[in-house]
Amino acid sequence: MPRSRFQRLLGVLGILAVLAILGFLLLPLFVVATAAFSSSALPSFPPKNLSLRWFVNAIGYPDFRAGFWNSLIVTPWSASIALVIGATFALAIEHYEFRFKSMLEGVLLSPLFVPHFTIGLGFLVLAVQISLVNTYAVVIACHVILVLPFVLRSVYISLRNFDPRLELAAASLGAPPRRVLVTVTLPLLLPGLVSGWLFGVLLSFNEFTASLFVTGQRTQTLPVAMYNYVRDYSDPSMAALAVMYIVAVAVLLTIANTFLGLGKVLNVERRT
Amino acid sequence: MGGAVAVHFDRVTKRFGSVAAISDLSLEVRRGELLTLLGPSGCGKTTLLNLVAGFFSPDGGSISIDGRLVNDVPTYRREIGLVFQSYALFPHMTVAANIAYGLRMRDLPKRDITRRVGNVLSLVKLQGLEDRRPRQLSGGQQQRIALARALVINPKVLLLDEPFSALDKNLRASMQIELREIQRNLGVTTIFVTHDQSEALSLSDRIAIMSEGHIRQIGTPEEIYTNPRERFVASFVGDVNVLRGKLMGIDDTRAIVEVGAARITVPSESVRGLKASMPVDLFVRPEQLQLTEAGKPCASAGTVVAAVYQGAHIDLHIECADCPHGRLLARLSASEGTKWSIGTQVGISISTDEAIAFAT
């Protein structure tokens, strides 16, 4: 059927709209990336001369280094602890019926609605009471709570998609419980667990609001260090840091995609 | 191994909380037969299957497979083959790995595994699909894979849990024939669970009709269809008409029932204990009803309200004010059925000595 001129026009407009939205999404990224390679001390767009000095400055800045190492300590611990807690609760919620179940779910998901500064402030007050101020423990505990809803959700979805009859089928074919676990249950739940953990890592690494309250000079995470830097300086070191950050995440996701399949890690069911 | 009994239930009881899903049930499954457990949902048929599989153990009584008590034997040591309604194929494995699973669990050498997987794939006519994933296959193919996976371990019993209900009608019919052929050729003892009575009638060596945790009747499809021993069996298996009648006389073997102007002889077994002049319900199959012109003396009367053309025969639905269900179904040959148009007043006569009567 020949398409009318009006339909063609609509098609072109649609494509333009999509391109405009994509461009809008990527605009900040583009601005930051170009500013990072500028040689002048004030972030300007477009940059006049290209230089890598702000990368050198960012990498060499002691607070960024310390913040990065602190983040490297806090992030895997909080994601891992949240994964263990989240998986346990997800299992309990999926497999058992009990009173106050919906209330429990509500409590577990509450960090989604409670503002992060509330949780941060709460932990700060608590930390003062039991003299844990300026320790990693309080930062990690705080992050565990904040990333728990996301980890829980991710594990819960993969449990939901898991058909318990697969375990029964394996048993009927002669697999004792341990081999059922290794050959059927774990391989099928692993993508959900890994994606939950990756979610936790990304969220914990990015977390700023609550971290501002619970970190001290010794334990400040990278986002807090960045915030403090911006308060004092206005050069494009931040932009350089942002570029490195984006590249690091891209590399991480590429690795996850290569070895696990991003579709699986993000729990996207693909039909062929 | 020997012995004619492959699976033996001896006074088995299984409770869930305070509800008895199976109570005091005894059953022998003969070696090599295909026994169907047929009943409405919640009748305990799936529980019975799960007891053979060992997914839980009975609260009372004993279950033996091949003469060996298995009450406390875990599923993975029972040597059973199981096909689920949803097939439960392992989504992360190829077709070949799915089928090989049971053999790998038995730690067989690789060469044996490859050979046996190849054999069973040709048995279910799916050679060449070894490297596919289950989700790349059609429903019928998935089912064959599930069957192949269960058969490759040479199970002592094959358990089928409503395996055809997810297939469309045409595919279902051809899969049933194929399954029956494979089952007969291998001579594997099979317990088949379904709620579909036509499936049960066409596939089984024997059928056990279940309701409320009990076996109501067990027998060949023909016995069940022509000689139901209970109201429940008669109304559950096949289409059936119920006509209200009166008991005229009864002796050791025969009873005479008066329905309208007709007198029908029925076996007395199902109405034993009743006395003459008591009301009874007469159960008659649709193909045993005949239509006559209205006004002549016959068993009942009514109006044709619908005609369903089925190819070889025609189903006529007749509204009948005097019948317990208000409706009758007559199954006539195509040439006979087209004589009666919708809205016609008809007389109904019963052309059989195979009707069965039950107390009302």
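No experiment lies behind these values; they were computed from the predicted model shown. (Residues numbered from 1 in each chain as written. Chains lettered and ligands numbered in written order. Predicted model: local features only at pLDDT ≥ 70, side-chain atom pairs only at ≥ 80, totals over all residues.)

## Overview of the overall build of chain A
For chain A, the count of helices and strands is 12 helices and zero strands. When its helices and strands are written in sequence order, chain A yields α-α-α-α-α-α-α-α-α-α-α-α. The C-alpha radius of gyration of chain A comes to 23 Å, more than 25% above the 19 Å expected for a compact globule of 272 residues. Each principal axis of the C-alpha atoms in chain A carries an extent, and together these give about 75 × 70 × 35 Å. Burial analysis of chain A (272 residues in total) assigns 32% to the buried set. (Helix = DSSP H or I, 4+ residues; strand = E, 2+ residues; numbered from the N terminus. Rg over C-alpha atoms; globule rule 2.2 N^0.38 Å. Buried ≥ 20, exposed ≤ 12 C-beta atoms within 10 Å, placed from the backbone.)

## Quick notes on helix α5 (residues 116-129) of chain A
All names here are of chain A. With 14 residues, α5 ought to run about 20 Å at 1.5 Å a step, and its terminal C-alpha atoms sit 20 Å apart, in line with that. Every buried residue of α5 is listed here: Ile119, Gly120, Phe123 and Ala127. Summarising the axial view, the buried residues of α5 lie within an arc of 100 degrees, below the 170-degree limit, and thus occupy one face. Exposed side chains of α5 directed beyond 90 degrees from the buried face belong to Val125, Val128 and Gln129. For α5, the secondary structure elements touched by its buried residues are α6 (136-160) and α9 (209-214). A positive phi of about 40 degrees marks serine 131, the residue just after α5. (Expected span 1.5 Å × (residues − 1). Arc of directions from axis to C-beta. Contact = placed C-beta atoms within 7 Å.)

## Things to note about the domain arrangement of chain B
Size of an interface: often given as the accessible area lost when the parts come together. All names here are of chain B. Annotation of chain B at the domain level lists domain 1 (5-232) and domain 2 (239-359). Taking the mean C-alpha position of each, domain 1 and domain 2 sit 38 Å from one another. With four residues of domain 1 at the interface, the matching set in domain 2 holds four residues. A per-class count over the side of domain 1 that touches domain 2 returns one nonpolar, one polar and two charged. (Domains from an automatic or database assignment. Nonpolar A, V, L, I, M, F, W, Y, C, P; charged D, E, K, R; others polar.)

## With respect to the sheet that holds strand β5 (residues 68-69) of chain B
Residues and elements named next belong to chain B. The strand order across the open sheet built from four strands is β2-β1-β4-β5, with neighbouring strands paired in antiparallel fashion. On the outer flanks of this sheet lie β2 (19-30) and β5, each paired with one strand and no other. In terms of strand pairing, strand β1 (residues 5-16) meets strand β4 (residues 60-65) through five bridges, oriented antiparallel. Residue histidine 8 lies in a different strand from β4, and its bridge partner there is serine 64. Sitting on the sheet, helix α1 (residues 45-53) is in contact with β1, β2 and β4, with an inclination near 115 degrees to β1. (Pairing = 2+ DSSP bridges. Axes fitted to C-alpha atoms, helices over the stretch in contact; angles between N-to-C directions.)

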